[in-house]
Amino acid sequence: MALNPQYDAIGKGFVQQYYTLFDDPAQRANLVNMYNVETSFMTFEGVQLQGAVKIMEKLNSLTFQKITRIVTAVDSQPMFDGGVLINVLGRLKCDEDPPHLYMQTFVLKPLGDSFYVQHDIFRLGIHDIA
């Protein structure tokens, strides 16, 4: 399979769609459609999860009600299997917590005329200083 020349537009469009669903508690459950039942992986703050069911259990367990997000940068690269590697840098604020830097990396795997999230890594930029 060849490199996808639309990788940048795909990456930016995916990030906008993903965060629109994620940031709305009433819509967050629809993220299940972006993950594969068996072959999707997530690392959320160091916790490894596999499969759409486990990933959604984690996302549904998040207790914040309000999220404000600023996406600073979306960097994408094409992959040789037609997929797209996406790295997001941003800042988010949940409920009354102070804002924090975050990074999230996605690997989109082609599936027919669409994509699914094969890999998803999320980490807050919190540094504990002794």
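Parameters and conventions
- Residues numbered from 1 in each chain as written.
- Predicted model: local features only at pLDDT ≥ 70, side-chain atom pairs only at ≥ 80, totals over all residues.
- Heavy atoms only, no water.
- UniProt positions renumbered as here; feature names shortened; annotations may be inferred.
- Helix = DSSP H or I, 4+ residues; strand = E, 2+ residues; numbered from the N terminus.
- Expected span 1.5 Å × (residues − 1).
- Buried < 20%, exposed > 50% of the residue type's maximum accessible area, 1.4 Å probe, protein only.
- Arc of directions from axis to C-beta.
- Contact = heavy atoms within 4.5 Å.
- Core = buried A, V, L, I, M, F, W, Y, C linked by side-chain atoms within 4.5 Å.
- Pairing = 2+ DSSP bridges.
- 1 Å grid on protein atoms, 1.4 Å probe; cavity = no way out; pocket = protein on both sides within 12 Å on 5 of 7 lines; lining within 4 Å.
- Points joined across faces, edges and corners; volume = space filled by probe spheres on them.
- Nonpolar A, V, L, I, M, F, W, Y, C, P; charged D, E, K, R; others polar.

By the naming in an unreviewed UniProt entry, the protein chain is NTF2-related export protein, taken from Bombyx mandarina. Of the comments in the UniProt record for the protein chain, the one headed Function (unreviewed entry) reads "Has a role in nuclear-cytoplasmic transport of proteins and mRNAs."

Engineer: What is the right way to read helix α1 (residues 7-22) from this model?
Structural biologist: An α-helix turns once every 3.6 residues. As a result, residues three or four positions apart point the same way. Under the 1.5 Å per step criterion, the end-to-end length of α1 is 22 Å for 16 residues, consistent within 8% with the ideal 22 Å. Every buried residue of α1 is accounted for by Ile10, Gly11, Phe14, Val15, Tyr18, Tyr19, Leu21 and Phe22. For α1, the angular spread of buried residues about the axis comes to 155 degrees, placing them on one side. Structural note: α1 exposes Ala9, Gln16 and Thr20 on the side pointing more than 90 degrees away from its buried face. Residues of α1 that are buried sit in contact with β1 (41-44), α2 (52-61), β3 (67-78), β4 (84-94), β5 (100-111) and β6 (114-124).

Engineer: Would you mind going over the nonpolar core with me for this structure?
Structural biologist: In a soluble, globular protein the nonpolar side chains are often hidden away together inside. With 31 residues, the main nonpolar core has Phe14, Tyr18, Leu31, Tyr35, Leu59 and Ile86 as its most contacted residues. Only α1, β1, α2, β3, β4, β5 and β6 provide two or more residues apiece to this core.

Engineer: Can you help me understand the pairing of β4 in this one?
Structural biologist: Looking down a regular strand, the side chains alternate between one sheet face and the other. Burial along β4 is one-sided: the face carrying Val84, Ile86, Val88, Gly90, Leu92 and Cys94 is buried and the face carrying Leu85, Asn87, Leu89, Arg91 and Lys93 is not. Pairing of β3 with β4 involves 11 bridges; the strand directions are antiparallel. By the bridge assignment for β4, Val74 is matched with Val88. In this antiparallel pair of consecutive strands, β3 and β4, the connection spans 5 residues, and Gly82 shows a positive phi of 90 degrees. In this structure, β4 lies alongside β5, joined through 9 bridges in antiparallel fashion. Along β5, the bridge assignment pairs Gly90 with Tyr102. Following β4, the chain reverses through 5 residues before pairing antiparallel with β5; Asp95 in that reversal takes a positive phi of roughly 50 degrees.

Engineer: Sorry if this is basic, but what is going on with the layout of surface pockets here?
Structural biologist: To locate leftover empty space, one rolls a probe as large as a water molecule over the atoms. The volume enclosed by the largest pocket comes to roughly 330 Å³. Together, 22 residues line the largest pocket, and Phe44, Phe64, Leu92, Cys94 and Leu124 are the ones closest to its centre. Of all the elements in the fold, those that place two or more residues in the lining of the largest pocket are α1, β1, β3, β4, β5 and β6. Per-class residue counts for the lining of the largest pocket are 14 nonpolar, 3 polar and 5 charged.

Engineer: Looking at this structure, I do not really get α2. What am I missing?
Structural biologist: Where α2 is concerned, the buried positions are Ala52, Ile55, Met56 and Leu59. Looking straight down α2, one finds that the buried residues subtend no more than 95 degrees of arc, so they occupy a single side. On its buried face, α2 sits against α1, β1 and β2 (47-50).

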